Amino acid sequence: MDLERIYSILPWQLQNVAASAEGWRVKRLQFGGDFPHILKEAIDRTFWPLEKIQDYRNRQLRDFMRHCYETTPYFQALLRKSGAIPDDFACLDSLRRLPVLTKHIIQEDYTAFLSNRIPSKARLPAHTSGTTGAGLRFSTTREAVQRQWAVWCRYRLWHGIYPGTWCAYFGGRSVVPLSQDRPPFWRHNYPGKQILFSGYHMNENNLNYYIEAIRRFQPPWIHGYPSLISLLASHMIDKKLDIGYQPGWITIGAENLLEHQKKLIFEAFGVKARQHYGSVEAVANISECELGNLHVDEDFSAVEFLPEESGCRYRVLGTNFTNPAFPLVRYDIGDVVSLSDRQCACNRPGRVVEDIDGRLEDYVILANGAKLGRTDHIFKDMVNIREAQIYQTEPGAFTIRVVRGTHYNETDEAMLLSETAKRVGSDTKVSIEYTSFLKRSATGKLRQVVSQIPHGRLDAREAT
Ligand SMILES: [Zn+2]
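What you see is a predicted model; the values in this text were computed from it and never measured.

1. What to know about the overall build of the protein
Here is step 1 of the chain: In terms of helices and strands, the protein carries twelve helices and 20 strands.
Here is step 2 of the chain: For 464 residues, the compact-globule estimate of 2.2 N^0.38 gives 23 Å, and the C-alpha radius of gyration of the protein, at 23 Å, lies within 12% of that figure.
Here is step 3 of the chain: Sequence separation of at least 24 residues holds for 66% of the intrachain contacts in the protein that already meet a minimum separation of 6.
Here is step 4 of the chain: Roughly 21100 Å² of accessible area belongs to the protein as shown, and the carbon and sulfur atoms make up 52% of that amount.
Here is step 5 of the chain: When the 58 positive and 53 negative side-chain charges of the protein are each reduced to one mean point, those points stand 5 Å apart.

Structure below.
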């Protein structure tokens, strides 16, 4: 029997013990050893002048390219083929002579990306799964994990969240067995100071228990997927429930924070949701400052922005110079951002991102054959919709699956149809299907668009 299976048959009290044991292991990995020193160095770099931080990044990049060339079969072959030497890569622009690296290339031969300088006992297994389910396994090291956590802790400290702050966590981990139909739908990780709420039990019948639990525990900080936190928020608004206190912070990660989710969260909790963008592959990190602007963490990885065909959005490419075990150079993470040309008054160096559009979704194919890549604008002002998802099986027609809020009525339906028509044109057929819960992906995330048309699917696009 594997550990997950054993966990699932334990009584909930023992699951708390198991969650805490795992929490203790993770805490040691993330924050033990040299971590305080790594964190201090990261904090010291916060307000470095632009030139100094760029120099730092470029030096890291050049050393890393040498490491790739000397120790990693894939990059050895690639650099030889391109006629480049490691010293040629001393700035972001110089990376353009190399091709973009996709997940598919890595999946074809995972071992070609393992650096032979990192002994196998120092390698930690890691994996990520995309929204389409195409997973990626790779390796990392303890130091690489800690350098990433240093950047995450630094961002939290900007907002006053100190390590050791109790957190209500709404994520994709299966902490409560699916068969359980009575509370508690949460488990405690005491060493990590987390109340782990299940994202898989948040249906109409159970949401009151979640609200009660938050009212009882009063965690100062709520963190997790925006699709889950806003689900809670809209339930509170609909049922006129409150949690009896105002949390100090709400932070979100792992999914795009959509405009209507921001509004719902603020209305229900009275707190502005803060966001950061990161990836397990450590190729890019973007953090929100106190003034609400999104800053590229230039000292963490070498981030490039590649213009999309439309010209106003950019794909995120990154080089993970903090992870010597599994180098990724110009890796296309599959996310999109809009850039800002403003400087932020907070004086942090580096580029400012206007908006994190997040993970690319499947495309909606309109009657005229056009592909619509971003659909959340349709739902921006639909405050009475709890959740929505677009489902498409043939070009030129699609269904919007809607979970209604309590106050949803015909006016909302008419508004939804007219907002949609404004964006997709009247020749695309749109129907609405009402449902009580939208199915999540294997990692608990909510997809905005699910397409059954081969060329509308994101994985089809990745393969090209
Ligand atoms: Zn700022």
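Back to the text.
2. Observations regarding the coordination of the zinc ion
Here is step 1 of the chain: Cys289 (SG), His295 (NE2), Cys344 (SG) and Cys346 (SG) make up the full set of protein donors to the zinc ion, lying at 2.1 to 2.3 Å.
Here is step 2 of the chain: Seen from the zinc ion, its four donor atoms lie at angles of 100 to 120°, and the figure they make is tetrahedral.
Here is step 3 of the chain: In terms of primary sequence, the donors binding the zinc ion are separated according to C-x5-H-x48-C-x1-C. Of this pair, Cys289 sits in the loop between strand 9 (286-288) and strand 10 (294-296) while Cys346 sits in the loop between strand 13 (331-339) and strand 14 (352-359), and the two are 57 residues apart along the sequence. The same class applies to Cys289 and to Cys346, which are both buried.

3. A few points about the packing of aromatic side chains
Here is step 1 of the chain: On inspection of all chains with the given rule, the structure shows 20 aromatic pairs.
Here is step 2 of the chain: Between Trp166 and Tyr190, the ring centres sit 6.1 Å apart and the planes meet at 80°, which makes this aromatic pair edge-to-face. Of the two residues, Trp166 is situated in the loop between helix 7 (142-158) and strand 3 (167-170) and Tyr190 in the loop between strand 4 (186-189) and strand 5 (194-197); the sequence distance between them amounts to 24 residues.
Here is step 3 of the chain: Following the ring pairs from residue to residue traces out a cluster consisting of Phe170, Phe185, Trp186, Phe197, Tyr209, Tyr210 and Phe217.
Here is step 4 of the chain: Note that Arg216 overlies the ring of Phe217, its terminal NZ or CZ placed 4.9 Å from the centroid.

4. Considerations on the pattern of salt bridges
Here is step 1 of the chain: For the coordinates displayed, the defined rule picks out 23 salt bridges.
Here is step 2 of the chain: A salt bridge links Glu70 to Arg117, with the nearest nitrogen and oxygen atoms 2.8 Å apart. Of this pair, Glu70 sits in helix 4 (residues 50-71) while Arg117 sits in the loop between helix 6 (103-108) and strand 1 (124-129), and the two are 47 residues apart along the sequence.
Here is step 3 of the chain: In this structure, the salt-bridge partner of Arg274 is Glu288, at a minimum N-O distance of 2.9 Å. Taken as a pair, Arg274 in strand 8 (residues 273-277) and Glu288 in strand 9 lie far apart in primary sequence, 14 residues in all.
Here is step 4 of the chain: For Arg274, a relative accessible area of 18% corresponds to the buried category.
Here is step 5 of the chain: For Glu288, a relative accessible area of 3% gives the class buried.
Here is step 6 of the chain: Within this structure, Arg45, Arg154, Asp297 and Asp299 form a network of salt bridges that share partners.

5. Section: the sheet that holds strand 18 (residues 397-404)
Here is step 1 of the chain: Taking strand neighbours across the sheet as the criterion, the four strands line up as 19-18-17-20 in an open arrangement whose pairing is mixed. Among the strands making up the open sheet, the edge pair consists of strand 19 (429-434) and strand 20 (449-451). In this sheet, neighbouring strand axes are inclined to one another by 25° on average, regardless of whether the strands run parallel or antiparallel.
Here is step 2 of the chain: As paired elements, strand 17 (residues 385-394) and strand 18 share seven bridges and run antiparallel to each other. Looking at the pairing, Glu394 lines up with Ala397 of strand 18.

6. Regarding helix 3 (residues 35-44)
Every α-helix carries 3.6 residues per turn, so stepping three or four residues along brings you back to the same face.
Here is step 1 of the chain: For helix 3, the complete set of buried residues consists of Phe35, Ile38, Leu39 and Ala42. Here the buried residues of helix 3 occupy an arc of 100° about the axis, which is enough to place them on one side. Structural note: helix 3 exposes Pro36 and Lys40 on the side pointing more than 90 degrees away from its buried face.
Here is step 2 of the chain: On its buried face, helix 3 is in contact with helix 2 (12-31) and helix 7.

7. Quick word on the confidence of the model for the protein
Here is step 1 of the chain: Of all residues in the protein, 93% have pLDDT values of 70 or greater, and the mean over the chain is 88.
Here is step 2 of the chain: Confidence, read as mean pLDDT per element, is least for helix 12 (residues 458-463) in the protein (44) and greatest for helix 3 (98).

8. Structural notes on the packing of helix 3 against helix 7
Here is step 1 of the chain: Relative to each other, helix 3 and helix 7 sit at 50°, their axes nearing to 9 Å. In this view, helix 3 runs oblique relative to helix 7, as classed from their interaxial angle. Considering only the axes of helix 3 and helix 7, their crossing is right-handed. Along the contact surface, helix 3 presents Phe35, Ile38, Leu39, Ala42 and Ile43, while helix 7 presents Glu143, Gln146, Arg147, Trp149, Ala150, Cys153, Arg154 and Leu157.
Here is step 2 of the chain: Class assignment of the residues belonging to the contact of helix 3 with helix 7 gives a composition of nine nonpolar, one polar and three charged.

The rules behind these values
- Residues numbered from 1 in each chain as written.
- Predicted model: local features only at pLDDT ≥ 70, side-chain atom pairs only at ≥ 80, totals over all residues.
- Heavy atoms only, no water.
- Helix = DSSP H or I, 4+ residues; strand = E, 2+ residues; numbered from the N terminus.
- Rg over C-alpha atoms; globule rule 2.2 N^0.38 Å.
- Contact = heavy atoms within 4.5 Å.
- Areas by Shrake-Rupley, 256 points an atom, 1.4 Å probe, with all protein chains shown as cover.
- Lys, Arg positive; Asp, Glu negative; His and termini not counted.
- Charge placed at Lys NZ, Arg CZ, Asp CG, Glu CD.
- Donors = N, O, S within 2.8 Å, 3.2 Å for Na, K, Ca; no water.
- Tetrahedral: all angles 85-135°; square planar, octahedral: opposite > 155°, others 65-115°.
- Buried < 20%, exposed > 50% of the residue type's maximum accessible area, 1.4 Å probe, protein only.
- Phe/Tyr/Trp six-rings, centres within 6.5 Å; stacked < 30°, edge-to-face > 60°.
- Lys NZ or Arg CZ within 6 Å of the ring centre and 35° of its normal.
- Salt bridge = Lys/Arg side-chain N within 4 Å of Asp/Glu carboxyl O.
- Pairing = 2+ DSSP bridges.
- Axes fitted to C-alpha atoms, helices over the stretch in contact; angles between N-to-C directions.
- Arc of directions from axis to C-beta.
- pLDDT = per-residue confidence, 0-100.
- Parallel < 35°, antiparallel > 145°, perpendicular 65-115°, else oblique.
- Left-handed = near helix turned anticlockwise from the far one by under 90°.
- Nonpolar A, V, L, I, M, F, W, Y, C, P; charged D, E, K, R; others polar.

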